[in-house]
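Observations on chain architecture
The primary structure of each chain is shown beneath.
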Amino acid sequence: MAVLENLTSQQAIDLENKYGAHNYHPLPVVLSKGEGVYVWDVEGNKYYDFLSAYSAVNQGHCHPKIVDAMTSQAKTLTLTSRAFYNDKLGEYEKFASDYFGFDKLLPMNTGAEAVETALKVCRRWAYQEKGIAENDAQIIVCENNFHGRTTTIISFSNDPVARKNFGPYTQGFIKIEYDNLTALEDALSNNKNVAGFLVEPIQGEAGVYVPSEDYLEKAKALCEKHNVLFIADEVQTGIARTGRLLATCGNCSCKDKNCSGTPQVKPDILILGKALSGGAYPVSAVLANDDIMKVITPGSHGSTFGGNPIAAAVAMAALEVVRDEELAENAFQLGALFREEMNKYIENSDIVKLVRGKGLLNAIVINDSEDSDTAWNICAALKENGLLAKPTHGNIIRFAPPLVMNKEQLLECVSIITKTLKDFE
Ligand SMILES: *Cc1c(COP(=O)(O)O)cnc(C)c1O
């Protein structure tokens, strides 16, 4: 259909509106090219990408090493299904297991699938290893969590928009306040049916809520005490985003080039997705040690595409980029600089209440009511000034650029952001 070549932005938007289900409300920008920290729209305007596809593109758009791995594998072998072995999967499983310090990896495709997988592993472990009576297992989750969009996952969400009219909901979840150790201890005490505690090290979607410094460590200790699996959803926080390989890496800033990436707070089950492929391909994974992963047996779980050779090749390249280009260290340095610069601005500003975050996962809270459209309007103005970001939950704007950014670029972005904000004072 030659008439569809070289669409204007408006034409592309109209097509999506007419023929696509309306499950998103995008900023009106139509992107057609990306490279590193930049994206371009169909009219050729260049932008800094400050969302990175929700932290999937940590390695930057179209990283040549990842694209090479993908195209060369795509020309050789794309999919075998797991009915047969392929020559890339085992190599990748060893590479990623060593990289994150676990015995085994279970490959899936999307983040939500990996969360579902972790829940299934946890439940099986509860019945087969912990000795909970069948169908009695409960998993503790946190208020304002975001773990994906499947029917089970939205069953334990408390976002009314994500839940309404999608019931009946899946049973077996206990919801407690995030960053509240007393609530966790209460939920664990006197309940022999608790199998796991599923938690985001930083609540990204909720608005980049960073818990108290010792929260994860103490939560892990409580789980250990009660023989409950600590399940970390690092789909958004993992792979260098927060200034370390994993957000569960304690206080490690990954300055040590020989750092094995072994977390100081080691989850029993680790869930990864998004940047595991550098945004090139849907790749997710669940990692655990043998004593847990052994509950998964042939036929008990699977995925046609999970562990396909392209995914394996892409994920290995994406993880190599993170290590070779020291992206955790860069995110650590630039994140500190970003918050420092933003705080200078906030001191004399009425429009921004605060900046918070870790590494290059940050957010500003706009000084207006949660149902105001100020944050949306600021994002529209940022777009006009060459920077793309999106509000999350009303008056909060998340800032998460690709981690391949350099200092000059970051400072230019700070000046775009502060100049734009000044117009809203
Ligand atoms: C994005 C995200 C998911 C879901 O990933 P999808 O690939 O969109 O299914 C799960 N958990 C967290 C913390 C996320 O940020």
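Quick caveat: nothing in here was measured; it's all calculated off a predicted structure.

Comments concerning the sheet that holds strand β13 (residues 387-388)
- Strand order in the open sheet made by the four strands is β1-β2-β3-β13, with mixed pairing throughout. Of all the strands in the sheet, the pair left with one neighbour each is β1 (31-35) and β13.
- The sheet contact formed by strand β2 (residues 38-41) and strand β3 (residues 46-49) spans three bridges and is antiparallel. When the sheet's bridge partners are listed, tyrosine 38 is paired in β3 with tyrosine 48.
- Against the sheet, helix α14 (residues 407-422) touches β2, β3 and β13, its axis set at about 100° to β3.

A word on the site of the ligand
- The environment of the ligand is formed by Thr110, Gly111, Ala112, Phe146, His147, Gly148, Glu200, Asp233, Val235, Gln236 and Lys274.
- The side chain of lysine 274 places a nitrogen or oxygen atom 2.6 Å from an oxygen atom of the ligand.
- A total of 380 Å² of accessible area belongs to the ligand in isolation, and the protein chains cover 81% of it.
- Grouping the constituent residues of the shell around the ligand by class yields three nonpolar, five polar and three charged.

What about the domain arrangement of the protein?
- Annotation of the protein at the domain level lists domain 1 (9-59 + 327-422) and domain 2 (65-324).
- Centre-to-centre separation of domain 1 and domain 2, based on C-alpha positions: 26 Å.
- Residue-level contacts link 29 residues of domain 1 with 31 residues of domain 2.
- Taking both partners together, domain 1 and domain 2 bury about 2400 Å²; carbon and sulfur atoms supply 56% of that area.
- Sorting the residues of domain 1 by area buried against domain 2 places Gln59, Lys358 and Leu361 first, and these three jointly supply 28% of that buried surface.
- The tally of links from domain 1 across to domain 2 stands at two salt bridges.
- Ranked by residue count, the leading element in the side of domain 1 that touches domain 2 is helix α12 (residues 327-347), at six residues.

Section: helix α11 (residues 309-324)
- When the terminal C-alpha atoms of α11 are compared, their 22 Å separation across 16 residues agrees well with the 22 Å that a helix rising 1.5 Å per residue should span.
- The buried fraction of α11 amounts to 13 of the 16 residues, a majority that puts the element mostly inside the structure.
- Its side-chain oxygen at 3.0 Å from the backbone nitrogen of isoleucine 310, asparagine 308 defines the N-terminal cap of α11.
- A positive phi of about 50° marks glutamate 326, the residue just after α11.

Some details on the pairing of β2
- Here β2 shows no split at all, with Tyr38 and Trp40 on one side and Val39 and Asp41 on the other all buried.
- Note that β1 and β2 share four bridges and pair antiparallel. From the neighbouring strand, glycine 34 faces β2, where its bridge partner is valine 39.
- Counted along the chain from β1 to the antiparallel partner β2, the turn is two residues long, and its residue glycine 36 has a positive phi close to 60°.
- Here β2 hands over to β3 after four residues, with glycine 44 in that stretch at a positive phi of 90°.

Details of the side chain of glutamine 73
- You can see glutamine 73 is positioned in helix α3 (residues 64-74).
- By relative accessible area, glutamine 73 is classed as buried at 7%.
- Other than its neighbours up to four places away in sequence, glutamine 73 contacts Thr78, Lys88, Pro309, Ile310 and Ala313.

Criteria and cut-off values
Throughout, residues of each chain are indexed from 1 in the direction in which the sequence is written. Only residues with pLDDT of 70 or above have their local features reported here, since the model is predicted, and side-chain atom pairs are shown and tallied only from 80 upward, although totals for entire chains, interfaces and linings are computed over all residues. The basis for every side-chain value is the complete set of heavy atoms in the structure, and neither hydrogens nor water enter the calculation. Note on pairing: DSSP must find at least two bridges between two strands before they are called paired. Each helix corresponds to a stretch of at least 4 residues labelled H or I by DSSP, and each strand to a stretch of at least 2 residues labelled E; elements are numbered beginning at the N terminus. Every residue pair with non-hydrogen atoms within 4.5 Å of one another is taken to be in contact. Axis definition: a line fitted to C-alpha atoms, over the contacting stretch in the case of helices. Angles run 0 to 180 degrees between N-to-C directions. By convention in this text, a residue qualifies as near a molecule or strand provided that one of its non-hydrogen atoms is within 4 Å of it. Here a polar contact is recorded for every N or O atom pair within 3.5 Å, except that within protein the pair must consist of a potential hydrogen donor and a potential acceptor, and residues adjacent in sequence are included only if both atoms are side-chain atoms. To be clear on the numbers: accessible area is Shrake-Rupley with a 1.4 Å probe, and residue cover counts the displayed protein chains and nothing else. Three categories are distinguished: nonpolar for Ala, Val, Leu, Ile, Met, Phe, Trp, Tyr, Cys and Pro, charged for Asp, Glu, Lys and Arg, and polar for the others, with Gly belonging to the last. Each domain's extent is set by a domain assignment, obtained either automatically or from a database. Accessible area that two parts lose when put together, with a 1.4 Å probe and added across both, is what the buried area reports. Between Lys or Arg on one side and Asp or Glu on the other, a salt bridge is scored when a side-chain nitrogen of the former is within 4 Å of a carboxyl oxygen of the latter. By definition here, a helix of n residues has an expected span of 1.5 Å times n minus one. Burial classes follow relative accessibility: with a 1.4 Å probe on protein chains only, a residue under 20% of its type's maximum area counts as buried, one over 50% as exposed, and anything between as partly exposed.

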